[in-house]
Amino acid sequence: MDAILALDQGTTSSRALLFGEDGAILAVAQREFRQIYPRPGWVEHDPEELWFTQIQVAAEAIAKVPGVRVRAIGITNQRETTLLWDRQTGRPLANAIVWQDRRTADLCDELREHEPLIRERTGLLLDPYFSGTKLRWLLTHVDGARDLAKQGRLAFGTVDTWLIWRLTCGATHVTDVTNASRTLLFDIHCAAWDADLLSLLGIPASLLPEVRTSSEVVATTGNGLPIPEGIPIAGIAGDQQAALFGQRCTSAGMAKNTYGTGSFLVMHTGTNAIRSQHGLLSTIAWQRPGEPLQYALEGSIFVTGAAVQWLRDSLRIIRNAAEIEPLAASVPDSGGVYFVPAFTGLGAPHWDAHARGTITGLTRGTTAAHLARATLEAIALQTADVLDAMRIDSGIELQELRVDGGGSANHLMMQLQADIANIPVVRARTSEATALGAAWLAGLAVGFWEDVDAQWTSDRTFTPGQPREKLREGWRRAVAVASSRPSLA
């Protein structure tokens, strides 16, 4: 049996999935890894733990299907997370700085006068979310890093680059256009590292990986690994771009939202890189060999599923994520409670790195059920804010929103999403759109598939019902309270 192996290296776990010729999942393996919080607002991962968990689940998935022949590997990954390692020893100089980390907020403020240049070249805002300022921090604060960089000893990478380096036993230092477009260092219009931005952030070009398309053979697996040698590594895409491809949002105006630790609403804009005027990001969606760059508008919501985890782990009002739906459904509304889960600041369309989580409207009658419902509403309300900005920036009235990710299994939240955003919400039959997108990119590159459109099917459509404008008015007031900007408070 032939299959494609997708490596899905996420924010909280490493996963591996085998897909057969019909796009069906043949095997899944998953391992969680530690979340490291050295200081408030700082989030790190151990690079060796990322690698170890990922290669182990890859081996486990292959072992579950006796006799399987892996035709290619597709990699999808948490984006913006920043690693720095020694080319000679292969050892990381420090823990990876995770995309959620806010330690460079002050540096971003210092560079604010350069934001117009950054936005023009990269399509991004100047925010701690992206890799460039994280890399600058590592070079500045890790002992000896600058000297090693001057010697050409260091390699920078997002998680995809780190995994490929290890999969090829240090032979290949590459990334793809989607991950490069999230670094603050890449000109998305000419698809090249930008010398002006490298100079601005004090980053030597010698650190950077080669940039390739998202669907081509870039290397093969090395020897001495717990998976077979010589497997082509043929697909690379950041997790949200992979999900867009996996949802078959291949025409301008199609959009998807992935409900995970955070939520990421992405709309395909074709070959046109739209510059947002409302706090969205213009980013590269993907590129296939011989074809023009495809672009997207993206709204990044930092905390959605993580808010449910907070109810579980910190407040302990639920024992597992699945319990939130019946608890929230036990009350007809949130009783006037609003929860703005700005644990790591606010993302699109607000972009306030200094905002903090806020709960408003509490009374003596507030119960755990009200807080659970307010949490689900917050996820849907944040998404609706991004959808509004997307409509205005693009001039396109979206016909539907395709959804995936773990949160999409919550029926109540999906209905709230349809009501609040006033748009049909279409749930894919598989919630594994991210891994499937990476697999499709790899499989198309090696001829495993010629066309994959017929493999996408929907599971259920949630149609808009009860109007929720009053709820949205209260939400805007709550966001103003959470904001760090006095003009909004």
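For the structure, check the block above.
The rules behind these values
- Residues numbered from 1 in each chain as written.
- Predicted model: local features only at pLDDT ≥ 70, side-chain atom pairs only at ≥ 80, totals over all residues.
- Heavy atoms only, no water.
- Helix = DSSP H or I, 4+ residues; strand = E, 2+ residues; numbered from the N terminus.
- Rg over C-alpha atoms; globule rule 2.2 N^0.38 Å.
- Buried < 20%, exposed > 50% of the residue type's maximum accessible area, 1.4 Å probe, protein only.
- Contact = heavy atoms within 4.5 Å.
- Areas by Shrake-Rupley, 256 points an atom, 1.4 Å probe, with all protein chains shown as cover.
- Lys, Arg positive; Asp, Glu negative; His and termini not counted.
- Charge placed at Lys NZ, Arg CZ, Asp CG, Glu CD.
- Phe/Tyr/Trp six-rings, centres within 6.5 Å; stacked < 30°, edge-to-face > 60°.
- Lys NZ or Arg CZ within 6 Å of the ring centre and 35° of its normal.
- Polar contact = N/O pair within 3.5 Å; in protein donor to acceptor, adjacent residues only side chain to side chain.
- Axes fitted to C-alpha atoms, helices over the stretch in contact; angles between N-to-C directions.
- Parallel < 35°, antiparallel > 145°, perpendicular 65-115°, else oblique.
- Pairing = 2+ DSSP bridges.
- Arc of directions from axis to C-beta.

Student: Would you take a moment to explain the overall build of the chain for this structure?
Tutor: Across its full length, the chain carries 15 helices and 23 strands. For a compact globule of 489 residues, the expected C-alpha radius of gyration is about 23 Å, and the chain comes in at 21 Å, within 12% of that figure. Counting only residues that meet the buried cut, the chain has 62% of its 489 residues in that class. Restricting the contact set of the chain to residue pairs at least 6 apart, pairs at least 24 apart contribute 72%. Carbon and sulfur atoms form 49% of the exposed surface of the chain, whose accessible area is close to 17,800 Å². Placing the 44 positive and 53 negative side-chain charges of the chain at their respective mean positions leaves the two points 4 Å apart.

Student: Where do I start with the packing of aromatic side chains in this structure?
Tutor: Within a pair of aromatic rings, the relevant descriptors are the distance that separates the centres and the angle that separates the planes. Evaluated as defined, the whole model comprises 14 aromatic pairs. Measuring from centroid to centroid gives 6.0 Å for Trp99 and Tyr129, while their planes differ by 65 degrees, and the two rings are edge-to-face. One end of the pair, Trp99, is in the loop between β7 (96-97) and α2 (105-110); the other, Tyr129, is in the loop between α3 (115-122) and α4 (131-141), and 30 residues separate them in sequence. As far as the burial class goes, Trp99 and Tyr129 line up, both buried. Residues Phe339 and Phe343 carry aromatic rings whose centres are separated by 6.0 Å and whose planes lie at 50 degrees to one another, so their mutual orientation is tilted. Taken together through their ring pairs, the aromatic side chains of Trp99, Tyr129, Phe130, Phe264 and Phe302 make up a single cluster. For Arg103, the ring lying beneath its charged end belongs to Trp137, and the centroid distance is 4.5 Å.

Student: Would you mind going over the side chain of Ser408 with me for this structure?
Tutor: In this structure, Ser408 sits in the loop between β21 (401-404) and α13 (411-421). A residue is classified by how much of its surface remains accessible, and Ser408, at 2% relative accessible area, is buried. There is a polar contact of 2.6 Å between the side chain of Ser408 and the backbone oxygen of Gly405. Sequence-distant contacts of Ser408, that is, excluding residues within four places in its chain, are made with Tyr259, Val403, Met414, Arg427 and Ser431.

Student: I keep staring at the packing of helix α12 (residues 368-394) against helix α15 (residues 469-482) and nothing clicks. Help me out?
Tutor: Helix packing for two helices is described by the angle between their axes and how far apart those axes are. Contact geometry for α12 and α15: axes closest at 11 Å, N-to-C directions at 90 degrees. Here α12 is positioned roughly perpendicular relative to α15, judged by the angle of their axes. Judged by residue contacts, Glu377, Ala378, Leu381, Gln382, Ala384, Asp385 and Asp388 of α12 engage Leu471, Arg472 and Trp475 from α15.

Student: Got a minute to help me understand the sheet that holds strand β17 (residues 281-286) in this structure?
Tutor: Sheet strands pair via backbone hydrogen bonds, and the direction of the pair is either parallel or antiparallel. Here seven strands make up an open sheet; going across it, the order is β17-β18-β16-β15-β21-β22-β23 and the pairing mixed. Each end of this open sheet is capped by a strand with a single partner; those strands are β17 and β23 (458-462). Neighbour-to-neighbour, the strand axes of the sheet open up by a mean angle of 30 degrees, direction not taken into account. Bridge analysis of strand β15 (residues 255-259) against strand β16 (residues 263-270) gives five bridges, and the strand direction is antiparallel. From the neighbouring strand, Thr258 faces β16, where its bridge partner is Phe264. Sitting on the sheet, α12 is in contact with β15, β16, β18 (294-301) and β21, with an inclination near 145 degrees to β18.

Student: I keep staring at α3 and nothing clicks. Help me out?
Tutor: Given 3.6 residues to a turn, an α-helix orients residues that are three or four positions apart in the same direction. Within the span of α3, buried status applies to Glu115, Ile118, Arg119 and Thr122. Looking down the long axis of α3, one finds its buried residues gathered within 95 degrees of arc, a one-sided arrangement. For α3, the elements touching its buried residues are β10 (186-187), α8 (195-201) and β17. The first or second residue beyond α3 is Gly123, which carries a positive phi of 80 degrees.

Student: How do you make sense of the sheet that holds strand β14 (residues 232-238) when you look at a structure like this?
Tutor: Taken in spatial order, the six strands line up as β3-β2-β1-β5-β14-β13 in an open sheet, and their pairing is mixed. Each edge of the open sheet is held by one strand with a lone partner, namely β3 (25-32) and β13 (215-220). Within the sheet, the average angular offset between the axes of one strand and its neighbour, ignoring direction, is 25 degrees. Alignment of strand β1 (residues 2-9) against strand β5 (residues 69-77), held across eight bridges, turns out to be parallel. Residue pairing in the sheet places Asp2 in a bridge with Arg69 of β5.

That is the geometry; function is a separate question.
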